[in-house]
Amino acid sequence: MLENKVGMIFGVANKRSIAWACAESASSNGAKLAFTYQGERLKENVEKLAGELPDSLIVPCDVSNQSDVDAAFAAVGDKYGKLDFLVHSIAFAPKEALEGEFVTTTRDAFRTALEISAYSLTQVALAAAPLMKEGGSIVTMSYYGAEKVVSNYNVMGVAKAALEASVRYLAADLGKQNIRVNAISAGPINTLSARGVKNMGSLLGYVGEKSPLKRNVTAAEVGNTALFLVSDLASGITGETIYVDCGYNIMGI
Ligand code: NDP
């Protein structure tokens, strides 16, 4: 499905990362992949995982550092000469902002969360566009807390709302270059980031019980939806937020 396609994957921290599930789906369908990792701390993890994949590239990239972003895209341009798709699967908020009441969010926590979790999508889309010479597809990861209040999710919910709005504005701007931009709103999954949100365990239990499919979604299911969105099968879809949450979002009382 993705033969001769080159993808760039942001956000692999370890094998539980949603980004890694996206990479596995894309790679097993023929894509060549470039991976970014945030810092030395994660380098070994990412090298171990990505090293298993043929013709992959691994580059450091902390999105709060513009020169890292520029260097990462330059490395992709040098190695592959083009880019067909990008998976943006990164988010961050200070731990103290992910518990208690939203009203106590500090200016610094707000700025950091919005910059890393929302602005970074625009930052990478701008850098990716010149490499997407034959069009392309960009996918990011959102969550239900963007639209409804989820206890402890707090400023990250505000960041995800900004992320989903960014998807629509980017889709409108980049559509003329045949670049599509979509979000996946994933149900809760037990990853490193998720564990940063207080009481994540009980959230998983609650969602698993209430959702129509009576279970939690898996990272592999999110990865397969990302595969669909970056493939030509989704050539008519842009600016959307697609739920991969075992149906949880449709439930009322
Ligand atoms: P992971 O912790 O596995 O992935 C998050 C990634 O973001 C990590 O690789 C992390 O690196 C990276 N990151 C954080 N700050 C920066 C930065 N400044 N520059 C570059 N990378 C950075 O968790 P998930 O796979 O769960 O998260 C992936 C995405 O999915 C996030 O956007 C998350 O909000 C979203 N999501 C997750 C859900 C879940 O329940 N797990 C549900 C819905 C959406 P580091 O570890 O170094 O911080």
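Residues numbered from 1 in each chain as written. Predicted model: local features only at pLDDT ≥ 70, side-chain atom pairs only at ≥ 80, totals over all residues. Heavy atoms only, no water.

1. With respect to the site of the ligand
- As a structural note, the neighbourhood of the ligand is formed by 29 residues, with Ser17, Gln38, Arg41, Thr191 and Ser193 the closest of them.
- One of the backbone N or O atoms of Gly11 is found 3.2 Å from an oxygen atom in the ligand.
- One of the side-chain N or O atoms of Ser17 is found 2.6 Å from an oxygen atom in the ligand.
- Burial of the ligand by the surrounding chains reaches 93%, relative to a free accessible area of 880 Å².
- Broken down by secondary-structure element, the contributors of at least two residues to the shell around the ligand are α2 (40-50) and β5 (136-142).
- Classifying every residue of the shell around the ligand gives 18 nonpolar, eight polar and three charged. (Near = heavy atom within 4 Å. Polar contact = N/O pair within 3.5 Å; in protein donor to acceptor, adjacent residues only side chain to side chain. Areas by Shrake-Rupley, 256 points an atom, 1.4 Å probe, with all protein chains shown as cover. Helix = DSSP H or I, 4+ residues; strand = E, 2+ residues; numbered from the N terminus. Nonpolar A, V, L, I, M, F, W, Y, C, P; charged D, E, K, R; others polar.)

2. Things to note about the pairing of strand β2 (residues 32-37)
- Most of β2 sits out of view: five of its six residues are buried.
- The pairing of strand β1 (residues 6-10) with β2 spans five bridges and is parallel. Residue pairing in the sheet places Phe10 in a bridge with Thr36 of β2.
- On the question of chirality, the crossover connecting β1 to the parallel β2 by way of helix α1 (residues 18-28) is right-handed.
- Assessed by its sense of winding, the connection that carries the chain from β2 through α2 to strand β3 (residues 57-60) is right-handed. (Buried < 20%, exposed > 50% of the residue type's maximum accessible area, 1.4 Å probe, protein only. Pairing = 2+ DSSP bridges. Right-handed = clockwise from strand over helix to strand, strands pointing away.)

3. Focus: the confidence of the model for the protein
- Averaged over all residues, the pLDDT of the protein is 96; the fraction at 70 or higher stands at 100%.
- Averaged pLDDT values for the elements of the protein fall to 91 in α2 and rise to 99 in strand β6 (residues 179-186). (pLDDT = per-residue confidence, 0-100.)

4. Observations regarding α1
- For α1, a buried count of nine out of 11 residues is recorded, marking the element as mostly surrounded by other parts of the structure.
- Turning to α1, its buried residues are Ile18, Ala19, Trp20, Ala21, Cys22, Ala23, Ser25, Ala26 and Ser27.
- Where α1 is buried, its residues touch β1, β2, α2, β4 (85-88), β5 and α7 (219-230).
- Backbone geometry just downstream of α1 places Gly30 in the positive-phi region, at approximately 100 degrees. (Contact = heavy atoms within 4.5 Å.)

5. A look at the nonpolar core
- Of all hydrophobic cores here, the largest spans 56 residues; its most connected members are Met8, Phe10, Phe73, Val76, Leu83, Leu86 and Ile138.
- For this core, the secondary-structure elements that each account for two or more residues are β1, β3, α3 (66-80), α4 (107-128), α5 (154-174), β6 and α6 (200-210).
- In terms of residues, this core owes the most to one element, α4, which gives 10 residues.
- Not counting residues within four places of it along the chain, the set of residues in contact with Leu83 comprises Val6, Gly7, Met8, Phe73, Val76, Ala128, Leu131, Met132 and Gly135.
- Ala13, Trp20, Ala21 and Ala23 belong to the second-largest nonpolar core, a separate cluster that totals 37 residues. (Core = buried A, V, L, I, M, F, W, Y, C linked by side-chain atoms within 4.5 Å.)

6. Some details on the pattern of salt bridges
- Going through the model one piece at a time under the given rule, you end up with five salt bridges.
- Taking the shortest distance from any N to any O, the salt bridge between Arg215 and Glu221 comes out at 2.7 Å.
- For Arg215, a relative accessible area of 32% puts it in the partly exposed group.
- For Glu221, a relative accessible area of 26% corresponds to the partly exposed category.
- Salt bridges sharing partners connect three or more residues here, namely Lys32, Asp55 and Lys79. (Salt bridge = Lys/Arg side-chain N within 4 Å of Asp/Glu carboxyl O.)

7. What about the packing of α1 against α7?
- At a minimum axis separation of 7 Å, α1 and α7 run at an interaxial angle of 55 degrees. By the angle between their axes, α1 is oblique relative to α7. In this structure, α1 crosses over α7, and the sense of that crossing is right-handed. Touching Ile18, Ala21, Cys22, Ser25 and Ala26 of α1 are Ala219, Ala220, Val222, Gly223, Asn224, Ala226 and Leu227, all from α7.
- Here the contact of α1 with α7 is built from residues that sort into nine nonpolar, three polar and no charged. (Axes fitted to C-alpha atoms, helices over the stretch in contact; angles between N-to-C directions. Parallel < 35°, antiparallel > 145°, perpendicular 65-115°, else oblique. Left-handed = near helix turned anticlockwise from the far one by under 90°.)

8. Quick look at the pairing of β1
- Extensive coverage of β1 is indicated by the burial of five of its five residues.
- Burial of the side chains of β1 extends over both faces: Val6, Met8 and Phe10 are buried on one face and Gly7 and Ile9 on the other.

9. A few points about the sheet that holds β6
- In space, the seven strands of this open sheet follow the order β3-β2-β1-β4-β5-β6-β7, with parallel pairing throughout. Strand pairing shows two members of the sheet lacking a second neighbour, β3 and β7 (241-244), which therefore form its edges. Each strand of the sheet is rotated relative to its neighbour by a mean of 20 degrees, with strand direction disregarded.
- Two strands pair when backbone bridges link them, and β4 and β5 are joined in this way by four bridges, in the parallel orientation. By the bridge assignment for β5, His88 is matched with Thr140.
- In this fold α1 packs onto β1, β2, β4 and β5, with an angle of close to 165 degrees to the strand it touches most, β2.

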